[in-house]
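Structural characterization, general
Here is what each chain is made of, one letter per residue.
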Amino acid sequence: ALERTFSIIKPDATKRNLTGKIIAKFEEAGLRIVASKRIHMSREQAEGFYAVHKERPFFGELVDFMISEPVVVQVLEGENAIAKNREVMGATNPAEAAEGTIRKEFALSIGENSVHGSDAPETAAEEIKYFFSDAELVG
Ligand code: CMP
C-alpha cells in the first residue's frame with residue numbers, strides 16, 4: 001500500500017554534511033520526499049518526541065544529542081514506505097547494519113546513528129503530526 005513515514009536526519013549526519021547523501025539513498029529506494037524542513041529541536045520538543053523512551057537509561061544522552069545540532073525532519077512517501085525506509089536505514093546499531101544501508105555507511109554508534117524512521121503505521125502518523133501540519137505535506 002502507498003504509505004507515508006517520518007524520518008529524521010540526525011545531528012551527527014547534518015554536522016558532517018551528509019544530508020544530500022542520505023536523501024539520495026531514500027530517493028534511490030523509490031521514496032518520495034513530500035515534506036522537509038531543517039530545524040534545531042528544543043529540549044521540550046525532543047523530550048516529547050522520545051517520550052516512550054523516558055525510562056530508558058540512555059534517555060538523557062539521547063535528548064542531549066538530538067538538540068546538539070540541527071536536524072532535518074521529513075515525510076517520505078512510497079509503496080510500503082515504513083518497511084522500505086527501515087530497510088534503507090539498516091539496523092539501529094551500525095555494527096549490525098547490512099552493507100549499503102545508511103547506518104552501515106554513515107552511522108558512528110548506536111546513539112549517533114544518523115537517521116530515525118517510524119517503526120509502524122500508528123507511530124508514523126503520530127510522528128508526522130508532531131512536526132508537520134497537513135498543509136506542509138505536498139504529495
Ligand atoms: P531512534 O530510532 O531515533 O529511536 C530511539 C533512539 O535511541 C534510537 O534511534 C537510538 O539512536 C537511541 N538508542 C538506542 N539504544 C541506545 C543506547 N544504548 N545508547 C544511546 N542511544 C541509544
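For clarity, every value in this text was computed on a predicted model and none was experimentally measured.

**Things to note about the site of the ligand**
Taken together, Lys10, Tyr50, His53, Phe58, Glu61, Leu62, Thr92, Ile110, Gly111, Asn113 and His116 make up all the residues around the ligand. Here an oxygen atom of the ligand and a side-chain polar atom of Tyr50 are 2.5 Å apart. In this structure, an oxygen atom belonging to the ligand sits 2.8 Å away from a main-chain N or O atom of Ile110.

**Comments concerning the pairing of strand S1 (residues 2-9)**
In the sheet, S1 pairs with strand S3 (residues 71-79) via eight bridges, with the strands oriented antiparallel. When the sheet's bridge partners are listed, Ser7 is paired in S3 with Gln74.

**Focus: the UniProt feature "domain: Nucleoside diphosphate kinase-like" (unreviewed entry) in the protein**
Within this structure's numbering, the places UniProt gives as "domain: Nucleoside diphosphate kinase-like" (unreviewed entry) are residues 2-139. Between the C-alpha atoms that bound residues 2-139 the distance is 11 Å, and the span itself is 40% helix and 20% strand.

**Here's the deal with the sheet that holds S1**
A sheet is described by the order of its strands in space; here four strands give the open sequence S2-S3-S1-S4, paired in antiparallel fashion. The open sheet terminates on both sides in strands that have one partner only, identified here as strand S2 (32-39) and strand S4 (115-117). Strand after strand, the sheet turns through a mean of 20 degrees between neighbouring axes, direction not considered. Bridge count between S2 and S3: seven bridges; the pairing is antiparallel. Each residue of the ladder has a partner; that of Ile39, found in S3, is Val71.

**Remarks on the packing of aromatic side chains**
Applying the stated criterion to the full structure yields six aromatic pairs. Aromatic side chains Phe6 and Phe131 sit 5.3 Å apart centroid to centroid with 0 degrees between the ring planes, which places their arrangement in the stacked category. Here the residue Phe6 occupies a position in strand S1, and Phe131 occupies one in helix H7 (residues 121-131), the gap between them amounting to 125 residues. Here Phe6 and Phe131 have matching classes, each one buried. Ring geometry for Phe49 against Tyr130: centres 6.0 Å apart, planes inclined by 50 degrees, an arrangement best described as tilted. With Phe49 in helix H3 (residues 43-49) and Tyr130 in helix H7, this pair connects stretches of sequence that are 81 residues apart. Residue class for Tyr130 comes out partly exposed when judged on its relative accessible area of 35%. Of the aromatic side chains, those joined through ring pairs into one cluster are Phe6, Phe49, Tyr50, Tyr130 and Phe131.

What counts, and at which threshold
- Residues numbered from 1 in each chain as written.
- Predicted model: local features only at pLDDT ≥ 70, side-chain atom pairs only at ≥ 80, totals over all residues.
- Heavy atoms only, no water.
- Near = heavy atom within 4 Å.
- Polar contact = N/O pair within 3.5 Å; in protein donor to acceptor, adjacent residues only side chain to side chain.
- Pairing = 2+ DSSP bridges.
- Helix = DSSP H or I, 4+ residues; strand = E, 2+ residues; numbered from the N terminus.
- UniProt positions renumbered as here; feature names shortened; annotations may be inferred.
- Axes fitted to C-alpha atoms, helices over the stretch in contact; angles between N-to-C directions.
- Phe/Tyr/Trp six-rings, centres within 6.5 Å; stacked < 30°, edge-to-face > 60°.
- Buried < 20%, exposed > 50% of the residue type's maximum accessible area, 1.4 Å probe, protein only.

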